[in-house]
Amino acid sequence: MATSSRAEPRPSRLARQRRASREGRSAATPYLYIAPAFLLYAAFLLFPLVRAAQFSLYAWDTVSPAKFVGFGNYVKMFNDPDLLGSFGHSAILILFYAVLPICLGLVVAAILNRAQVRGLGFFRTVIFLPQVIAMVVVAVAWTRLYSTDGSINALLRILGLGDLARAWLGDYTFALPAVGLIGTWVETGLVTILLLAGMGRTSRDLYEAARLDGAGPVAEFFAITLPAVRGEIVVAATLTVVAALKNFDVIYMTTRGGPGTSTAVPSYQVYNQAFGLGQVGMATTIGVTLALLIFGINLVLNRLGDQAVED
Amino acid sequence: MARRGNTSPVEVGINYVVLFGFAVVSLWPIVSILAQAFGPSDASVAPGGLHLENFVMAWSQGQFSTYMLNSVLVSVTVVMVSVALSVPAGYAFGTMTFRGSTWLFYLFLFGIMVPTEAILVPLFFDLRQLHLVNTVVAVAGPQVAQSIAFGTYWMRTYFRSADRAITEAAIIDGAAPRQVLWRVQAPIARPAILTLVVLIFMWTWNEFLIPLVMSPTGTLRTAPLGLAFFQGQHVTNYALMGAAAVTVAAPVVVVYLFAQRYFIAGMTEGAVK
């Protein structure tokens, strides 16, 4: 009985009603189930998003009346070297939050996948731990490690590289990579676990066949492992790229965009423009641009993911 | 226990080295903040032993008792409201056929992508107009909305693959739809719901930007914000900072250590599906 109606690709209104009444519900039931969730979701997410798009078309300093400027804020943003530069900083952070963890994760997961070792459960617990610690706490820990008398400088001195020691987060050149490495530390565990799960699903026969053909570990990696986890790589990339773009807490806690504007990122600029400089229109403009950027990245990576599954 | 017979002992050895090195790097910042938290706060304090007085100081001087209570209030609100609303919504999307279900579901799915940064500024000014800033509504509201977007998607995925025979049996026995959901399906869905609970708890407890913006006077300052505030005052007292940081991280880490598989399942499968 149930199978006949489920087999229809698009059930007619009559079939829907018949099925609904068989399950003891009226046609309104699904909407009643969804309505409370939808109302809160719309009020606190969809509506503010529409308002953001609207706000971004105005110049407003929270005191004097808002003035309509069309796409003026967007033009201004793209012509402001500091604001544009903050998007550039995000691009660099993506290298540290996404590219580096994926490369490291691939190597580690491939090595671990070749032979099972004991203690893997404990290892998983440990490398996933950074994901569950509040970023504020992570930032406090790393601020200490990066400080002049912190353990990174201590390690450099032990290695006889004391000349390189510096206040990493206060350095114009090194502050951004230093913040980026915090991201690498946080994301690598997640990426490794994702990739390990993907590799675990790969057929053992493929590896046996490759070995009979005389493939070494490196050839095996490029011929079998890498293609098999393309889907997982796409997922890992989506998660980590978005994490790189939404890293307000780390920047706020470690550098507040400094020194100068060397670590300013869009996420921080939204906050600073709105609540530091009182430029609400510009703040929402940056926020909307960031959202569009994230939608675009999701779209592109999703396409790649679908291709990976089809092949 | 080698899965494949032809893995050499050298390779197994390399594996252990990689595991060990990786674990050390992962643990290093965590161990150092723990050492900081339990270490002596200044030269006048005797070195050695566990200095639990740092935690007492942070708790009383740093007002962490208030901040932690605020965090509990906000987290419990967000978890309860968003789970209670996501389960029926996900159930409807996962088990019922109705007009508009596809695009309505995509509308929910869309919310997972929207960054907080995009919605928070207009929401703050609109809520200020309504005199709701500095209340639980302003701090919990946006987090409930974000959790509903993920929760509806997560529960739909679960209910789509759930066994329907049991639902039909319950209906034949005369159960109303609401009873079918809460008395029959929800108990079976417990692992999926628990995963949702721990994930939303973690996201809410660790959230920083929303309470920062939505509670400008600090009446609802949550634990992570308290830590940021504390840093401004005690930046050079590493022992106090460490103790405060460990206090803020502890609740989620403890839940993680006990419910690890739910965390890992949620954060990896939630993205893959």
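Residues numbered from 1 in each chain as written. Chains lettered and ligands numbered in written order. Predicted model: local features only at pLDDT ≥ 70, side-chain atom pairs only at ≥ 80, totals over all residues. Heavy atoms only, no water.

Colleague: Just give me the short version of unusual backbone geometry, but keep the residues and values in it.
Modeller: A cis geometry characterises the amide bond from G258(A) onward to P259(A), with omega recorded as -5°. Take P259(A): it is sitting in the loop between α13 (248–254) and α14 (266–276). The phi torsion at Q63(B) lies on the positive side, around 60°, for a residue other than glycine. Considering the arrangement of structural elements, one finds Q63(B) in the loop between α2 (53–61) and α3 (64–95). (Helix = DSSP H or I, 4+ residues; strand = E, 2+ residues; numbered from the N terminus.)

Colleague: Provide a residue-level description of the packing of aromatic side chains, including the pertinent values.
Modeller: If you walk through the whole model with that rule in mind, you get 40 aromatic pairs over all chains. Between F128(A) and Y256(B), the ring centres sit 6.1 Å apart and the planes meet at 25°, which makes this aromatic pair stacked. In this pair, F128(A) is assigned in helix α6 (residues 120–128) and Y256(B) in helix α12 (residues 238–258), connecting two distinct chains. On the basis of relative accessibility, which here comes to 0%, the residue F128(A) falls in the buried class. Relative to Y271(A), the ring of Y252(A) has its centre 5.9 Å away and its plane inclined at 85°; by these criteria the two rings are edge-to-face. Of this pair, Y252(A) sits in helix α13 while Y271(A) sits in helix α14, and the two are 19 residues apart along the sequence. For the pair Y252(A) and Y271(A), one class covers both residues: buried. R144(A) extends its terminal NZ or CZ atom over the ring of Y238(B), reaching a point 3.6 Å from the ring centre. The ring centre of F105(B) lies 3.9 Å from the NZ or CZ of R156(B), which sits over that ring. (Phe/Tyr/Trp six-rings, centres within 6.5 Å; stacked < 30°, edge-to-face > 60°. Buried < 20%, exposed > 50% of the residue type's maximum accessible area, 1.4 Å probe, protein only. Lys NZ or Arg CZ within 6 Å of the ring centre and 35° of its normal.)

Colleague: Provide a residue-level description of the interface of chain B and chain A, including the pertinent values.
Modeller: Contacts between the two partners involve 92 residues from chain B, matched on the other side by 96 residues from chain A. Carbon and sulfur atoms supply 72% of the area buried between chain B and chain A, which totals about 9,000 Å² over both sides. Taken together, the connections running from chain B to chain A amount to one salt bridge. There are 13 residue pairs in polar contact (both at pLDDT 80 or more) connecting chain B and chain A. The biggest single contributor to the side of chain B that touches chain A is helix α1 (residues 9–38) of chain B, with 17 residues. For the side of chain B that touches chain A, a count of residues per class yields 68 nonpolar, 15 polar and nine charged. (Contact = heavy atoms within 4.5 Å. Buried area = accessible area lost by both parts, 1.4 Å probe. Salt bridge = Lys/Arg side-chain N within 4 Å of Asp/Glu carboxyl O. Polar contact = N/O pair within 3.5 Å; in protein donor to acceptor, adjacent residues only side chain to side chain. Nonpolar A, V, L, I, M, F, W, Y, C, P; charged D, E, K, R; others polar.)

Colleague: Pulling in residues and values, what's your account of the packing of helix α4 (residues 72–79) of chain A against helix α5 (residues 81–114) of chain A?
Modeller: Residues and elements named next belong to chain A. Contact pair α4 / α5: the axes reach a minimum separation of 5 Å and the direction vectors enclose 75°. With respect to each other, α4 and α5 are oriented roughly perpendicular. Residue-level contacts link M77, F78 and N79 of α4 to P81, L83, L84 and F87 of α5. Within the contact of α4 with α5, the residues separate by chemical class into six nonpolar, one polar and no charged. (Axes fitted to C-alpha atoms, helices over the stretch in contact; angles between N-to-C directions. Parallel < 35°, antiparallel > 145°, perpendicular 65-115°, else oblique.)

Colleague: Just give me the short version of the domain arrangement of chain A, but keep the residues and values in it.
Modeller: Split into domains, chain A comes out as domain 1 (2–55) and domain 2 (73–310). The straight-line distance from the C-alpha centre of domain 1 of chain A to that of domain 2 of chain A is 37 Å. (Domains from an automatic or database assignment.)

Colleague: Tell me about the confidence of the model for chain B, residues and numbers included.
Modeller: Summarising the model, chain B shows a mean pLDDT of 89, and 94% of its residues fall at 70 or more. Confidence drops under pLDDT 50 across residues 1–5 of chain B; counting only partners more than four residues distant or on other chains, this segment forms nine contacts. (pLDDT = per-residue confidence, 0-100.)

Colleague: Describe a nonpolar patch on the surface, with residues and values.
Modeller: The grouping of L155(A), L159(A), L161(A), L164(A) and W28(B) at the surface amounts to a nonpolar patch, some 440 Å² of accessible area in total. Residue placement: L159(A) occurs in the loop between α8 (151–158) and α9 (175–200). A relative accessible area of 55% places L159(A) in the exposed class. (Patch = residues over 30% accessible without salt bridge, like charges linked within 9 Å, V, L, I, M, F, W, Y side chains within 5 Å. Areas by Shrake-Rupley, 256 points an atom, 1.4 Å probe, with all protein chains shown as cover.)

Colleague: Please provide a residue-by-residue account of the pattern of salt bridges, values included.
Modeller: Residues and elements named next belong to chain A. Per the counting criterion, the structure on display carries five salt bridges over all chains. Across the pair R144 and D149 runs a salt bridge, and its minimum N-O distance is 3.2 Å. In this structure, R211 and E220 form a salt bridge, with 3.0 Å as the shortest nitrogen-oxygen distance.

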